[in-house]
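Structural characterization, general
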Amino acid sequence: MTSPVSPREIGVDPAAEALLASVVADAREGQYATYHRLRTMAPLLRTSNGTLVLTRYEDCATAIRHRDLGAARPTVWSTHGRAGASLHSLVGILPFSDPPDHTRLRRAVASAFTADAVERLRASVTRHAETCVAGLADHGDFMAAVARPLTLHVTAELLGVPAADRPFLATVAQAAAALVEPFTDEPTLARTAAAARELYAYFTDVLAEKRRHPAPDLLSRLESSRDESGLDTLEVVALAATLFVAGCNAAHMLGNGLRALLDTPAQFALLRRRPDLTASAVEEMLRYDPPVQVMARRARTALTLAGLEIEAGALVVAVLAAANRDPDRFTDPDRFDIIRDEGPHLSFAGGAHYCLGSQLARLQAEIVFSRLPAVWGRIEPAGPAVLRPESTMRRLQSLPVRVHAA
Ligand code: HEM
């Protein structure tokens with residue numbers, strides 16, 4: 001239950017704002033301790049530029065579902081404010097769109113992500129996961145051997161991206177994903193913008209090819225149903241690029257999830273003994289260390305949220321990862337506990353923008369985390385995990401492991 005708002009919570013708190021700046025300035029291992037401090041010091045933090053930052057579960061859950069809080073484009077909510085100038089366009093990017101465009105865009109692809117549609121991918125995901133998991137011995141880096149290749153393969157198969165193009169696209173997608181980072185240095189910003197342009201150019205060509213030679217894949221369906229769905233060329237290209245980048249990002253829940261298991265050997269042993277706990281373990285991985293840590297929304301009208309007056313146009317930032325560790329919502333929230341059964345986390349956000357690929361991400365994770373203990377009798381860290389220096393996303397660059405046959 002959200003407690004009443006105290007005057008201290010609604011003002012600008014310079015110490016809390018400095019703390020927030022340190023969280024976004026560089027991703028560090030101490031991120032979760034900082035979220036706790038922020039939630040305690042200023043659970044409703046209004047920064048000096050008027051942005052409201054939320055760290056309590058109830059407040060974040062309300063904000064992400066609020067009808068009057070719309071999409072926030074990264075160019076606007078980023079303080080650097082320069083990405084938009086160098087990007088091709090932000091038209092047609094689902095998470096940055098509002099109705100009626102958002103409704104039209106989402107409807108055009110939703111049928112590919114229903115529970116039934118995802119279930120039909122199970123056999124193919126399993127086959128590929130088995131190959132990747134078996135190949136772990138040769139690589140030793142879980143991200144390079146399993147997480148990235150699996151999610152790349154699954155996303156590319158679903159969309160219909162030719163196999164030969166996938167390695168190039170994977171690199172470009174990884175760079176483009178940094179678009180959502182609020183603070184970026186010039187070289188990263190230039191790489192991000194260049195990557196976004198490359199993705200658009202690539203998907204423009206591929207979609208033209210799908211028009212000439214349709215295949216049984218999502219891009220061909222999107223292209224052939226354009227009249228019916230009312231999407232223009234740029235929107236279809238943007239949708240394709242968005243789905244590709246978002247799909248590849250599922251790699252990071254696999255990395256963060258395995259890392260949590262490695263850091264908590266008793267929980268890994270429990271999962272090994274009880275494969276029936278895999279689905280519950282995947283939910284706990286998502287709660288405990290989500291790949292998307294923060295979600296921004298913009299007030300479409302003046303509104304009241306958590307007892308606060310919000311002006312039209314103001315930004316509201318829901319720190320989803322902090323909400324998932326709110327002690328008022330989850331018992332002993334910093335404990336990784338695969339049999340925890342305390343209701344939903346916010347890692348897939350909520351409301352109109354609820355993650356379209358949540359079922360597909362869960363399917364991949366359930367298959368990987370049931371295959372890993374079945375194939376490898378022992379899995380242990382073989383060096384420090386390397387976290388990318390980001391704050392909106394929490395992504396591992398590498399996760400070195402040593403495996404021993406079952
Ligand atoms: C574990 C992995 C994943 C996580 C943690 C995740 C998280 C999220 C979150 C937090 C949002 C909300 C964005 C917002 O509120 O504006 C979102 C939206 C979205 N996700 Fe995911 N996602 C994951 C995997 C995937 C996959 C595999 C796909 C498949 C292609 C996907 C496609 C999308 C799309 C298209 C949206 C935008 C939906 C909209 O704005 O209507 N995601 N995701």
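The present account deals with the structure reproduced in this document.

Turning to the coordination of the iron atom of the ligand, a few remarks are in order. The sole protein-derived ligand of the iron atom of the ligand is Cys355 (SG), positioned 2.3 Å away. Relative to the elements of secondary structure, Cys355 occurs in the loop between helix H20 (320–323) and helix H21 (358–375).

The next point concerns the packing of helix H12 (residues 166–176) against helix H13 (residues 186–212). For the pair H12 and H13, interaxial distance at closest approach is 8 Å and the crossing angle is 135°. Classified by the interaxial angle, the pair formed by H12 and H13 is oblique. Our pair here, H12 against H13, has a crossing hand that is left-handed. On H13, the residues that touch Phe168, Leu169, Val172, Ala175 and Ala176 of H12 are Arg191, Thr192, Ala195, Ala196, Glu198, Leu199, Tyr202 and Phe203. For the contact of H12 with H13, the per-class residue count stands at 10 nonpolar, one polar and two charged.

Okay, the packing of aromatic side chains next. In this description, a pair of aromatic rings is defined by centroid distance and the angle of the planes. Counting across every chain of the model gives seven aromatic pairs. Centroid distance Tyr202 to Phe203: 5.2 Å. Interplanar angle 85°. Geometry classified as edge-to-face. You can call Tyr202 buried: its relative accessible area is 10%. These aromatic residues form a ring-pair network of at least three members: Phe168, Tyr202, Phe203 and Phe244. Sitting above the plane of the Phe268 ring, Arg272 keeps its charged end 5.6 Å from the centroid. One Lys or Arg, Arg325, reaches over the ring of Tyr288 and ends 4.2 Å from the middle of that ring.

To continue, consider the sheet that holds strand S7 (residues 315–318). Spatial ordering of the open sheet is given by S1-S2-S7-S4-S3, a layout of five strands whose pairing is mixed. Each edge of the open sheet is held by one strand with a lone partner, namely strand S1 (44–46) and strand S3 (69–71). Sheet twist, expressed as the mean angle between neighbouring strand axes with direction ignored, is 30°.

With respect to the helices and strands, Lys210 occurs in helix H13. A relative accessible area of 11% means that Lys210 is categorised as buried. With residues up to four places along the chain from it excluded, the contact list for Lys210 reads Gly160, Asp217, Leu219 and Ser220.

Take the packing of helix H11 (residues 142–159) against H21 next. Two elements in contact, H11 and H21, have axes separated by 12 Å at closest approach and are oriented at 140°. In terms of their interaxial angle, H11 and H21 are classed as oblique. For the element pair H11 and H21, the recorded crossing hand is right-handed. On H21, the residues that touch Phe142, Val146, Leu150, Thr151, Val154 and Leu158 of H11 are Leu360, Gln364, Val368 and Leu372. Counted by class, the contact of H11 with H21 contains eight nonpolar, two polar and no charged residues.

Cut-offs used in this document
- Residues numbered from 1 in each chain as written.
- Predicted model: local features only at pLDDT ≥ 70, side-chain atom pairs only at ≥ 80, totals over all residues.
- Heavy atoms only, no water.
- Donors = N, O, S within 2.8 Å, 3.2 Å for Na, K, Ca; no water.
- Helix = DSSP H or I, 4+ residues; strand = E, 2+ residues; numbered from the N terminus.
- Axes fitted to C-alpha atoms, helices over the stretch in contact; angles between N-to-C directions.
- Parallel < 35°, antiparallel > 145°, perpendicular 65-115°, else oblique.
- Left-handed = near helix turned anticlockwise from the far one by under 90°.
- Contact = heavy atoms within 4.5 Å.
- Nonpolar A, V, L, I, M, F, W, Y, C, P; charged D, E, K, R; others polar.
- Phe/Tyr/Trp six-rings, centres within 6.5 Å; stacked < 30°, edge-to-face > 60°.
- Buried < 20%, exposed > 50% of the residue type's maximum accessible area, 1.4 Å probe, protein only.
- Lys NZ or Arg CZ within 6 Å of the ring centre and 35° of its normal.
- Pairing = 2+ DSSP bridges.

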